[in-house]
Amino acid sequence: MASSMTARMFSRRALLRLLIFLAIAFLFSCTLFLWSHPMIIRSGGGSVISHHDAGGGKKPATHPIDTLIKKAEREYHRLMAEETTDLESTAKAYRYRRGRHPPPWFDKWFKFAQDHDAVIVEDFFDQIYHDLGPFWGVDAAKIRTQAKNFEQVVIVRNGTTSQKTDKPRDWMNIWTDLTSTISEWLPDIDVPINVMDESRLLVPWEDIDQYMKAERASRKIVPKPEVITEYAGLQKLDENPGEPFDLDWHGGNYWENARVGCAPGSPSRNVEAATNFSGPPPMPHGFPERSYEGYVMNWTSAKDPCLQPDIRESHGTFVEPISQSTSKFLFPIFGGSKLPMNNEILLPPAMYWSDDPFYSGGEEDHGGPWEEKNPGVMWRGAASGGRNKEDTWTRFQRHRFLTMINGTSVQLAEKHGNGVGKNFVLSSYSTYHLTATQHMDLGSWLNSIVDAAFVNLLCFPPSGDEHCWYTNPFYQTKPGKKMQEQYAYKYLPDIDGNSFSGRYRGFMRSTSLPIKATIYSEWHDSRLVPWVHFVPMDNSFVDIYGILDYFIGTGVEEKDKEGNVFIEGAHDEQAKEIALKGQEWAERVLRKEDMQVYVMRLYLEYARICDDNRDRLGFIGDVG
């Protein structure tokens, strides 16, 4: 009997201990859940738990952007250590990096660059060799004939520039003008021009690989006695121009055309085009791949659709471009921008050479002192990016970006959609460890720091005005702002439209801080260092909150015990430093003179690959 009672007492004690243990475990789990899913305080007094994906883990001791800035500064100093200031060292750097002699008339190019105070770093011209490299695998006579017979061509003969075009075109006039400013130093060339917004050449990766093998095999420092130092010219071509080539221009699904330009085994190569564009696009769960703690670490990778198959259903270029006429044949066509898998030869965009203040903001007025600017974000533009429709607009990049930085849209998504909006999905507050959301909800913070709106919703079919019946419920249009007015704000996001954004050079030359997201390559990419000259952003835009939180903080001025004004979490000095370093650098390497230097070098190289003697053509004036 005594042992039975003892057993029952022991069982009750064990059960009590078990219940206490479970209660403690439950409280601990709830605490952990609340810690990783912070409470969103509503301005209306209510509250709700954010259920979005976490992924940030423990807050790092050093902010990732601080680390990226330091790394980028080291890269910039490494780059500038390669600067050359005399013909001999410049030609030596060329031979070391390119594996052959510089092209004929290289000394004329160098003198032009030096006379115009250009910064000469051989790496700055890498885009030229990326673009022209495959043409070493194509017969020179074929290149000449193709170029001669294209519809839109900028022509140089005997130091004089002219053009051939099917009808008057502004871009043709601008690129002809640019070429005319350097034509007295150029050999005879025919420069076919892509007059479309969209890039057009999509040569299969396997073909480009074979062409590049031919280019690498052709690299040789030709002995001095065997070098030919003058171009043959195009007189024989003018006498016998040949017949136009059939380039088999075609349409079809742009992603299907484009992905063949990705390397075998790359993430996008075997991913078929999306067909369902309803709802939000796929967005990163936690940090974007290949990022550093959520922020862009490798700018080249961040822009490459071959590494990001989700871009096929989150960027208008691949959902439905405005126009499409592509070819899979390698052909020497020049344009202002291209995707990494495209094969155009890049020129500085016509918009950059133009004096139109709509793009440049004017050559003189680049914004006032940093301290006098509005401390927030400014964006104005059209709902471009391709042909958005009722069943596809949620997959367009500009629509998504504007919704994600609209405080009201974010509040509605959190209150009624568990963080899922019409065209975006929010991450947990803890993913990027935002300072601002420790003091207020995300939407209220955005409403206090952002002024962003469409000026035209660009409906399809067209509505006849700036409105659009299927996006009117989600966007309120506002009047446009001149570039000079936008420069009055500290932060200027730059988002792709139908192709690249033509305002980027203007933003870079301003005293404001550009925040750039793009999938397009431009002529100047090798001379701009992310986190030193501008702030890079992922094309999903999930890092925009972390970027703005780092630089702006809460956006609310407070006073410490000594009466000093501060903003919790803000890194205003870092923002100012990048903005002003970027502006100073743009005034050294993105001037019109720098475009001339780049294009002159490009044309000399292009003339060489069009010459039957190209394997022996070269400059040896510096060789003893």
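These figures come from a predicted structure and were not determined experimentally.

Colleague: When you look at the overall build of the chain in this model, what are you seeing that I'm missing?
Modeller: Tallying secondary structure elements over the chain gives 22 helices and 16 strands in all. Taken against the 2.2 N^0.38 rule, which gives 25 Å for 624 residues, the C-alpha radius of gyration of the chain at 28 Å falls within 12% of a compact globule. Seen along its three principal axes, the alpha-carbon backbone of the chain occupies a region of about 115 × 60 × 60 Å. Taking all 624 residues of the chain together, 54% fall into the buried category. Across the chain, contacts joining residues at least 24 apart in sequence account for 76% of those joining residues at least 6 apart. Accessible surface, the chain as shown: approximately 27,300 Å² in total, 53% of it carbon and sulfur.

Colleague: I keep staring at helix H8 (residues 205-218) and nothing clicks. Help me out?
Modeller: Residues spaced three or four apart along an α-helix point in a common direction, a consequence of the helix completing one turn every 3.6 residues. For H8, built from 14 residues, the straight-helix expectation of 20 Å at 1.5 Å per residue is met to within 8% by its first-to-last C-alpha distance of 20 Å. Buried residues of H8: Ile208, Asp209, Met212, Glu215 and Ser218, and no others.

Colleague: Mind showing me how you'd approach the nonpolar core here?
Modeller: As a rule of thumb, nonpolar side chains are buried together in soluble globular proteins. Tyr545, Phe551, Tyr603 and Tyr606 are the most contacted members of the largest nonpolar core, which has 147 residues in total. Both domains that meet at this core, namely domain 1 (85-247 + 326-350 + 598-610) and domain 2 (357-590), each give it at least three residues. Those residues within four positions of Tyr606 in sequence are excluded, and the remaining contacts are Leu132, Ile143, Ala147, Ile189, Asp190, Val191, Pro192, Pro332 and Phe334. Of all hydrophobic cores here, the second largest spans seven residues; its members include Val153, Ile155, Leu247 and Phe331.

Colleague: Looking at this structure, I do not really get the layout of surface pockets. What am I missing?
Modeller: Gaps left between atoms show up when a probe the size of a water molecule is rolled over them. By volume, the largest pocket amounts to about 1,300 Å³. Taken together, 48 residues form the lining of the largest pocket, with Gln127, Asn298, Thr300, Lys303 and Ser526 sitting closest to its centre. Each of domain 1 (85-247 + 326-350 + 598-610) and domain 2 (357-590) accounts for three or more of the residues forming the lining of the largest pocket. Reported here for the second largest pocket is a volume of approximately 580 Å³. Around the second largest pocket, the lining comprises 25 residues; the ones closest to its centre are Phe358, Tyr359, Ala382, Arg398 and Arg503. Those elements that place two or more of their residues in the lining of the second largest pocket are helix H14 (357-360), strand S10 (374-382) and helix H18 (483-486). Among the residues making up the lining of the second largest pocket, the classes are represented as nine nonpolar, 10 polar and six charged.

Colleague: Would you explain the pairing of strand S12 (residues 489-495) in this entry?
Modeller: Side-chain positions along a regular strand alternate between the two faces of the sheet. Of all seven residues in S12, seven are buried, a share of seventy percent or more. Pairing analysis gives two bridges linking S10 to S12, with the strands arranged parallel. Within S12, the residue paired with Val377 across the bridge is Tyr491. As judged from the five bridges shared by S12 and strand S13 (residues 513-517), these two strands associate in the parallel manner. Counterpart to Leu492 in the pairing with S13 is Pro514.

Colleague: Mind showing me how you'd approach the confidence of the model for the chain here?
Modeller: Detailed reading of predicted coordinates is not advised where the pLDDT is low. Mean pLDDT over the chain works out to 91, with 91% of the residues at or above the 70 mark. Segment residues 26-55: pLDDT under 50, and 50 contacts once partners within four positions in sequence are set aside and those in other chains are kept.

Colleague: Would you mind showing me how to read the domain arrangement of the chain here?
Modeller: Interfaces are often sized by the accessible area lost when the parts come together. Partitioning the chain into structural domains gives domain 1 (85-247 + 326-350 + 598-610) and domain 2 (357-590). Taking the mean C-alpha position of each, domain 1 and domain 2 sit 36 Å from one another. If you look at the interface, domain 1 gives 19 residues, while domain 2 gives 13 residues. Here domain 1 and domain 2 share an interface that buries about 1,500 Å² over both sides, 62% of which is from carbon and sulfur atoms. Looking only at domain 1, the three residues that lose the most surface to domain 2 are Val119, Phe124 and Ser337, adding up to 32% of its buried area.

Colleague: Looking at this structure, I do not really get the pattern of salt bridges. What am I missing?
Modeller: Think of it this way: side chains of opposite charge can pair up when their charged atoms draw near. Scanning the model with the defined rule gives 37 salt bridges in all. The partner of Arg601 in a salt bridge is Glu122, and the shortest N-O contact between them spans 2.4 Å. Of this pair, Arg601 sits in helix H22 (residues 592-609) while Glu122 sits in the loop between helix H4 (106-115) and helix H5 (126-132), and the two are 479 residues apart along the sequence. The buried category is assigned to Glu122, whose relative accessible area is 5%. Here Asp612 and Arg144 are joined by a salt bridge, their closest N and O atoms 3.0 Å apart.

Parameters and conventions
- Residues numbered from 1 in each chain as written.
- Predicted model: local features only at pLDDT ≥ 70, side-chain atom pairs only at ≥ 80, totals over all residues.
- Heavy atoms only, no water.
- Helix = DSSP H or I, 4+ residues; strand = E, 2+ residues; numbered from the N terminus.
- Rg over C-alpha atoms; globule rule 2.2 N^0.38 Å.
- Buried < 20%, exposed > 50% of the residue type's maximum accessible area, 1.4 Å probe, protein only.
- Contact = heavy atoms within 4.5 Å.
- Areas by Shrake-Rupley, 256 points an atom, 1.4 Å probe, with all protein chains shown as cover.
- Expected span 1.5 Å × (residues − 1).
- Core = buried A, V, L, I, M, F, W, Y, C linked by side-chain atoms within 4.5 Å.
- Domains from an automatic or database assignment.
- 1 Å grid on protein atoms, 1.4 Å probe; cavity = no way out; pocket = protein on both sides within 12 Å on 5 of 7 lines; lining within 4 Å.
- Points joined across faces, edges and corners; volume = space filled by probe spheres on them.
- Nonpolar A, V, L, I, M, F, W, Y, C, P; charged D, E, K, R; others polar.
- Pairing = 2+ DSSP bridges.
- pLDDT = per-residue confidence, 0-100.
- Buried area = accessible area lost by both parts, 1.4 Å probe.
- Salt bridge = Lys/Arg side-chain N within 4 Å of Asp/Glu carboxyl O.

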